[in-house]
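Here is how the chains run, residue by residue.
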Amino acid sequence: MENVILKEENGIAEIIINRPKALNALNSETLKELGSIIDDIHVNDNIKAVIITGSGEKSFVAGADIAQMSKLNSIEATKFSRLAQNVFSRIENLPKLVIAAVNGFALGGGCELAMACDIRFASKKAKFGQPEVNLGILPSFGGTQRLPRLVGKGIAKELIFSTDMISANEAYRIGLANKVYEPEELLTKAKEFAQKVMTKSPVGVRLAKASINNGLDVDLEAGLKYEANSFGLCFSTEDQKEGMKAFLEKRKANFKDC
Ligand code: CO8
């Protein structure tokens, strides 16, 4: 693959968007490569968690590729938006933990990519923003939908209408970033978090992720039913039996993901 690097170590996949000359901007080729890597990871049982980051020290992803986008007609633009939305939804619904390690600019499509991940860890140097209305367009890789769900309608509108670029600390304050770290410790902290989650019951983590994601798109009663059904499903697994037995025997659980 030309634009995306995949590294794998100890059950953790590190996906690096790698177009540093364009500050890792997402063109259609990069999105297709990213989608194909996500699909491979989906069916690879050896990979338990994923970290997405940007190549170089300056940028996570500085948005969709403006040079490529500037040549699109209306139908092509819709297709481009749907391509990215589809890849980001596959990331959001991947039945494994996905952490965005935001190492620099996360603008436009870059902020939208980070928001499709479960957790956002930011370097102190990170900058977040949705600058699309500067370009005569709107956020269309999911930003008008995921940003208000994360930070609320008012702050989402403030960020999208103003195009203000905000610091990592401000992103943390409004709930866009989960944690802020020194640049040199960002990846280590992301890996440590992944390793911590990997000691938990994979069944529990997977079903909790699906329950949270599905619940946000339906009314409370439907979300509660989904949660209760997922809870019931746990009782057909070995992991539930092992988790509760281990507690009662005062030992560490040995989960097998079955
Ligand atoms: N697309 C293409 N190239 C880019 C992008 C981008 N988004 N961002 C940076 N680059 C390129 C620059 O053109 C430059 O290339 P070159 O060296 O060949 O001139 C190189 O990266 C370095 O950039 P700068 O020289 O500008 O670096 P600075 O440190 O001066 O500035 C900034 C960094 C502030 C990040 C600046 O590059 C910038 O403002 N970039 C654009 C950010 C932006 O507007 N992003 C949003 C794009 S729109 C979007 O994401 C919409 C998603 C939904 C679209 C739906 C489509 C249908």
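Residues numbered from 1 in each chain as written. Predicted model: local features only at pLDDT ≥ 70, side-chain atom pairs only at ≥ 80, totals over all residues. Heavy atoms only, no water.

Per an unreviewed UniProt entry, the chain is named short-chain-enoyl-CoA hydratase, and its organism is Clostridium tyrobutyricum DIVETGP. In its Catalytic activity (unreviewed entry) section, UniProt records this for the chain: "a short-chain (3S)-3-hydroxyacyl-CoA = a short-chain (2E)-enoyl-CoA + H2O". Under Pathway (unreviewed entry), UniProt gives the following word-for-word description of the chain: "Lipid metabolism; butanoate metabolism." (UniProt positions renumbered as here; feature names shortened; annotations may be inferred.)

Per the secondary structure count, the chain includes 11 helices and 10 strands. Relative to the compact-globule value of 18 Å for 258 residues, the chain shows a C-alpha radius of gyration of 19 Å, a close match. Across its three principal axes, the chain shows a C-alpha extent of roughly 60 × 40 × 35 Å. In the chain, which comprises 258 residues, the proportion classed as buried is 43%. A total accessible area of about 13600 Å² is found for the chain, and carbon and sulfur atoms account for 56% of it. Of the charged side chains in the chain, 34 are positive and 32 negative; the average position of the first set lies 2 Å away from that of the second. (Helix = DSSP H or I, 4+ residues; strand = E, 2+ residues; numbered from the N terminus. Rg over C-alpha atoms; globule rule 2.2 N^0.38 Å. Buried < 20%, exposed > 50% of the residue type's maximum accessible area, 1.4 Å probe, protein only. Areas by Shrake-Rupley, 256 points an atom, 1.4 Å probe, with all protein chains shown as cover. Lys, Arg positive; Asp, Glu negative; His and termini not counted. Charge placed at Lys NZ, Arg CZ, Asp CG, Glu CD.)

Further remarks concern the sheet that holds strand β10 (residues 179-181). Here we have six strands laid out as an open sheet, ordered β1-β2-β3-β5-β7-β10, and mixed in their pairing. Bordering the open sheet on either side are β1 (4-9) and β10, each of which pairs with just one other strand. Between one strand axis and the next, the sheet turns by 20° as a mean value, whatever way the strands run. Where β1 and strand β2 (residues 12-17) come together, six bridges link them in antiparallel fashion. Within β2, the residue paired with Glu9 across the bridge is Ile12. (Pairing = 2+ DSSP bridges. Axes fitted to C-alpha atoms, helices over the stretch in contact; angles between N-to-C directions.)

Let us now look at the domain arrangement of the chain. Structurally, the chain comprises domain 1 (4-198) and domain 2 (202-248). Once you take the C-alpha centre of each, domain 1 and domain 2 turn out to be 27 Å apart. Taken together, the contact between domain 1 and domain 2 spans 10 residues of the former and six residues of the latter. Both faces considered, domain 1 and domain 2 share a buried interface measuring about 540 Å² in area, 49% of it formed by carbon and sulfur atoms. The three residues of domain 1 that bury the most area against domain 2 are Pro95, Arg149 and Val197, which together make up 58% of that side's buried surface. (Domains from an automatic or database assignment. Contact = heavy atoms within 4.5 Å. Buried area = accessible area lost by both parts, 1.4 Å probe.)

Taken across its six residues, strand β5 (residues 97-102) has six buried, putting it largely inside the fold. What you see with β5 is no split at all: Leu97, Ile99 and Ala101 on one side and Val98, Ala100 and Val102 on the other are buried throughout. In the sheet, strand β3 (residues 49-54) pairs with β5 via four bridges, with the strands oriented parallel. Along β5, the bridge assignment pairs Val50 with Val98. Across four bridges, β5 lies against strand β7 (residues 119-123) in parallel orientation. Each residue of the ladder has a partner; that of Val102, found in β7, is Ala122.

On to the site of the ligand. Taken together, the neighbourhood of the ligand is formed by 24 residues, with Lys58, Ala62, Ala64, Ile66 and Gly109 sitting nearest. Here an oxygen atom of the ligand and a backbone polar atom of Lys21 are 3.3 Å apart. The contact in question runs from a nitrogen atom of the ligand to an N or O atom on the backbone of Ile66, over 2.9 Å. When isolated, the ligand has an accessible area of 1100 Å², and the protein chains bury 63% of it. Put simply, the parts of the chain that give the shell around the ligand at least two residues each are α2 (66-69), α3 (74-92), β6 (105-107) and α4 (109-116). Counting residues per element, the shell around the ligand draws most heavily on α3, at three residues. Broken down by class, the residue content of the shell around the ligand amounts to 14 nonpolar, five polar and five charged. (Near = heavy atom within 4 Å. Polar contact = N/O pair within 3.5 Å; in protein donor to acceptor, adjacent residues only side chain to side chain. Nonpolar A, V, L, I, M, F, W, Y, C, P; charged D, E, K, R; others polar.)

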